[in-house]
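Chain by chain, the residues run as shown.
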Amino acid sequence: MGYKPKLVCFSCKFGWAYLRDMNALGEDVEFLTPVECSGRLDALHLLKAFKERADGVLILACEEGHCHFQEGNFRTLKMLYLLRDVLEAHGIEKARVRIEFSLDPEGRKILGRIARMKESLSALGPLNRALL
Amino acid sequence: MGEKPKVAICWLGACGGCDEAIVDLNEGLLDVAEAVSIEFWPVAMDYKYDHLAAFGKGEIAVGLVSGHVRNSEHAEVAHLLRDRCKLVIALGACACFGGTPALANLVSREEILDAVYVKAPSVVNPDGRLPQVETAWEEEILRLPAFFDHVYALNQVIEVDYYLPGCPPPSELIRNGVRAVLTDDLPPKGSTLAPRKALCETCPRNKTKPMRLEIHGPIRRIHEVEADPEMCFLAEGILCMGPATRSGCGETCIRSNTPCRGCFGPVPGVSDPGSRFISSLAALLKVGTTGDPEAVMASLGDPVGYLYRFTHPVSTLGARRLSQATEETP
Ligand code: SF4
Ligand code: SF4
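In this report, we go over the structure that sits alongside the text.

About the cut-offs
- Residues numbered from 1 in each chain as written.
- Chains lettered and ligands numbered in written order.
- Predicted model: local features only at pLDDT ≥ 70, side-chain atom pairs only at ≥ 80, totals over all residues.
- Heavy atoms only, no water.
- Patch = residues over 30% accessible without salt bridge, like charges linked within 9 Å, V, L, I, M, F, W, Y side chains within 5 Å.
- Areas by Shrake-Rupley, 256 points an atom, 1.4 Å probe, with all protein chains shown as cover.
- Salt bridge = Lys/Arg side-chain N within 4 Å of Asp/Glu carboxyl O.
- Helix = DSSP H or I, 4+ residues; strand = E, 2+ residues; numbered from the N terminus.
- Buried < 20%, exposed > 50% of the residue type's maximum accessible area, 1.4 Å probe, protein only.
- Lys, Arg positive; Asp, Glu negative; His and termini not counted.
- Contact = heavy atoms within 4.5 Å.
- Near = heavy atom within 4 Å.
- 1 Å grid on protein atoms, 1.4 Å probe; cavity = no way out; pocket = protein on both sides within 12 Å on 5 of 7 lines; lining within 4 Å.
- Sits in = over half its atoms within 2 Å of the grid points.
- Nonpolar A, V, L, I, M, F, W, Y, C, P; charged D, E, K, R; others polar.
- Points joined across faces, edges and corners; volume = space filled by probe spheres on them.
- Axes fitted to C-alpha atoms, helices over the stretch in contact; angles between N-to-C directions.
- Left-handed = near helix turned anticlockwise from the far one by under 90°.

Let us now look at a nonpolar patch on the surface. A cluster of nonpolar side chains, namely B:V116, B:Y117 and B:L130, defines an oily patch on the protein surface of about 240 Å² accessible area. Take B:V116: it is sitting in helix α6 (residues 109–119).

Take a look at the structure:
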């Protein structure tokens, strides 16, 4: 027991919790980084998160049609399809990266989404770092 | 005139292509031999490691070292070269970034040994015997280098002063590099002795690359299509690493109607060319409202093999420094 997956979460500032003080969300969101559009995420950010011992990455993006930069969310989705292959080749299961599209100005869903992701990560167990 | 500067040329985990590129200097090699004294070159002449060890610390002016580090012999020779050579130049993609053999980092040492010595169709090995670092034979102990769990770029094992990339580096680049050393006309240590621009900037097809590049529909792979000999590959939806790759190769592949695979390594300032390419490709690929982004991205086939073909050990996920503690040594 006792395994606590380390989850890194990036959330789009325009769609998630912009009416709320992120710091107030508590310690469950230890590695939560708000970004100005999920489309600003570079594949490198995710690779670095895994290299620096994350067990999973959750991206909270805007709903389809609501991206402030037209299609940043969709671009990130496309990026993830390629990146997941790269991750899998290194023994990082595809399910360790998740993107959720929604709008949540009050940040009410964030804790639930993080908990859900952590649950799936716990089910997967610690990341096999043999190839990293 | 004083003594000629001494040069050592050595291969570690290499195919010999980089040595061949030196031989390809042709008559130019005579000029090189005129200007320097080649003291060590195992591929071309009968030298043993003892010969190298007999030199004093820093007595050799420059060591041109090709190949990656995959076993304890490579590591030992790399350290010896570092000690005896004043300057060490990593020659070729394997020494600079690990090269194609480093795609083996995507499987473990155990899987490799099993595939090669047990499962290969031409092998009969019912007892599953694997090569041992030490084997007692009659009164003797026979020794083999230890096979590491990872392929390392040269600078993950010893300090490297300069880099001459390419698979192999063009002879001209080698000649200029050696000349720069001899005339002491060198950039700061750690520099790559090749232009800083991206390949696209020197590519003859650049004029056909649209200002706003967009790729519609699936990515095409070069063996599946008959590529237009004039058109920018990316504009035709064929993957080309030119935008993320350093120039200086003379566009050999492009001129043979083959897209760039990235053997010159990343442009300055980019640490992980593969991930840079993934991010740009995601922006370039237009899927349309009815398209299936997953299927379009899957058309790339083997993204890791393509995007990290030469650079896996220096990539974000693949980077490691050789630590004797983590690798078995004899
Ligand atoms: S993408 Fe390839 S073909 Fe097009 S300009 Fe760049 S190097 Fe040349
Ligand atoms: S075109 Fe690309 S792969 Fe070909 S030699 Fe030049 S850098 Fe290397």
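Here we come to the side chain of B:D272. With respect to the helices and strands, the residue B:D272 is situated in the loop between α9 (252–255) and α10 (273–284). It is A:K48 that comes nearest to the buried, bridge-free B:D272 among opposite-charge side chains, at 8.6 Å. Sequence-distant contacts of B:D272, defined by excluding residues within four places in its chain, comprise A:L44, A:L47, B:Y308, B:S315 and B:T316.

Residues and elements named next belong to chain B. Neighbouring ligand 1 are L199, C200, C203, N206, K209, C232, F233, L234, C240, G242 and P243. Counting atoms within 2 Å of the grid points, the majority share of ligand 1 lands in the largest cavity. For the shell around ligand 1, the per-class residue count stands at 8 nonpolar, 2 polar and 1 charged.

This next bit is on the layout of surface pockets. Residues and elements named next belong to chain B. The volume enclosed by the largest pocket comes to roughly 380 Å³. Together, 17 residues line the largest pocket, and L113, P131, P145, A146 and F147 are the ones closest to its centre. Secondary structure elements with two or more residues in the lining of the largest pocket: β4 (69–71) and α6. Here the element with the most residues in the lining of the largest pocket is α6; it accounts for 6 residues. Tallied by class, the residues present in the lining of the largest pocket amount to 11 nonpolar, 2 polar and 4 charged.

What follows deals with the packing of helix α1 (residues 43–51) of chain A against helix α2 (residues 72–89) of chain A. All names here are of chain A. Where α1 contacts α2, the two axes come as close as 11 Å, and the packing angle between them is 35 degrees. The handedness of the crossing between α1 and α2 comes out as right-handed. In this structure, α1 contributes A43, L46, L47 and F50 to the contact, and α2 contributes M79, L80, L83 and L87. Taken together, the residues of the contact of α1 with α2 break down into 8 nonpolar, no polar and no charged.

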